[in-house]
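# Secondary and tertiary structure notes
For reference, the chains in residue letters:
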Amino acid sequence: MYHIAIDLDNTLLDTSKACITQFNKLTGIDLFPTDENYYRYYEFYGWNEEMYEVAYKQMGNEIHWESDPYPYAVEVVKHLFQRYQLTILTARPDLFYDVTLKWLQLHDIPFHDIMFEREKFRICESHNIDLLIDDAPHYAEEFSSKGRKFMIMDQPYNRNINHDLIHRVNEWKDVIGIIAECHGTRV
Ligand SMILES: [Mg+2]
């Protein structure tokens, strides 16, 4: 069966918005970042990546609990679950396993398997995953350079990533049609 993996943060749900809400509370800074700078918005708090990691680990439970799926995401995932093997593939630290599972349950998001892994290319190879849906530029570049199809969830910070093997999706309601194109069958 065709096997699809779906990322969580900034793919299935708006994590940047949830982070900014929590980090504003933590710092007292009232940040509303512009699109162009969305990926490294933590620099607006005067943080480097290490400081961001500390704040993320501190606030992660609130961030991941109080975040919302993108429009149509839940409906589309339910549709895919009926037709395909579906794995949630997230690079979140294991620390957030419980809150992640509870959040998925809260929003009634079905899946066959879930993995917390940063090395997504290796996981897709070893688990026979046909297609990853993810927003991260570095995964898109890695997958396409190694000859694998990739579905990139459009974000301001990944718009410069283009390749024949990268299928860009702007909205969740377009995902079903693009998957059908990817593996050449009607759904
Ligand atoms: Mg992501």
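Nothing here was measured: the structure is a model prediction, and the numbers come from that model.

Another aspect to go through is the nonpolar core. If you look at the biggest cluster of nonpolar residues, it comprises 30 residues, and the most contacted ones within it are Ile4, Ala5, Ile6, Leu131, Leu132 and Ile133. Every element with two or more residues in this core is listed here: β1 (3–6), α3 (73–83), β2 (85–90), β4 (131–134), α6 (137–145), β5 (150–153) and α7 (175–183). Setting aside anything within four residues of it in sequence, one finds Ala5 in contact with Thr87, Leu89, Cys124, Ile129 and Leu132.

Here we take up the pairing of β5. Along β5, one buried face is formed by Phe150 and Ile152 and the opposite face, lined by Met151 and Met153, is buried too. Taken together, the 3 bridges between β4 and β5 define a ladder with parallel strand orientation. Bridging from a neighbouring strand, Leu132 pairs with Phe150 of β5. Since β4 and β5 lie parallel, the crossover through α6 that links them has a hand, and here it is right-handed. As paired strands, β5 and strand β6 (residues 166–169) are joined by 4 bridges and run parallel to one another. Residue pairing across strands places Met153 opposite Val169, the latter belonging to β6.

This part is about the domain arrangement of the protein chain. Segmenting the protein chain into domains produces domain 1 (3–13 + 69–183) and domain 2 (15–65). Of note, the centres of domain 1 and domain 2, computed from C-alpha atoms alone, are 22 Å apart. Across the boundary between the two partners, domain 1 contributes 11 residues, which contact 11 residues of domain 2. Of the residues in the side of domain 1 that touches domain 2, the class split is 7 nonpolar, 3 polar and 1 charged.

Parameters and conventions
- Residues numbered from 1 in each chain as written.
- Predicted model: local features only at pLDDT ≥ 70, side-chain atom pairs only at ≥ 80, totals over all residues.
- Core = buried A, V, L, I, M, F, W, Y, C linked by C-beta atoms within 7 Å.
- Buried ≥ 20, exposed ≤ 12 C-beta atoms within 10 Å, placed from the backbone.
- Helix = DSSP H or I, 4+ residues; strand = E, 2+ residues; numbered from the N terminus.
- Contact = placed C-beta atoms within 7 Å.
- Pairing = 2+ DSSP bridges.
- Right-handed = clockwise from strand over helix to strand, strands pointing away.
- Domains from an automatic or database assignment.
- Nonpolar A, V, L, I, M, F, W, Y, C, P; charged D, E, K, R; others polar.

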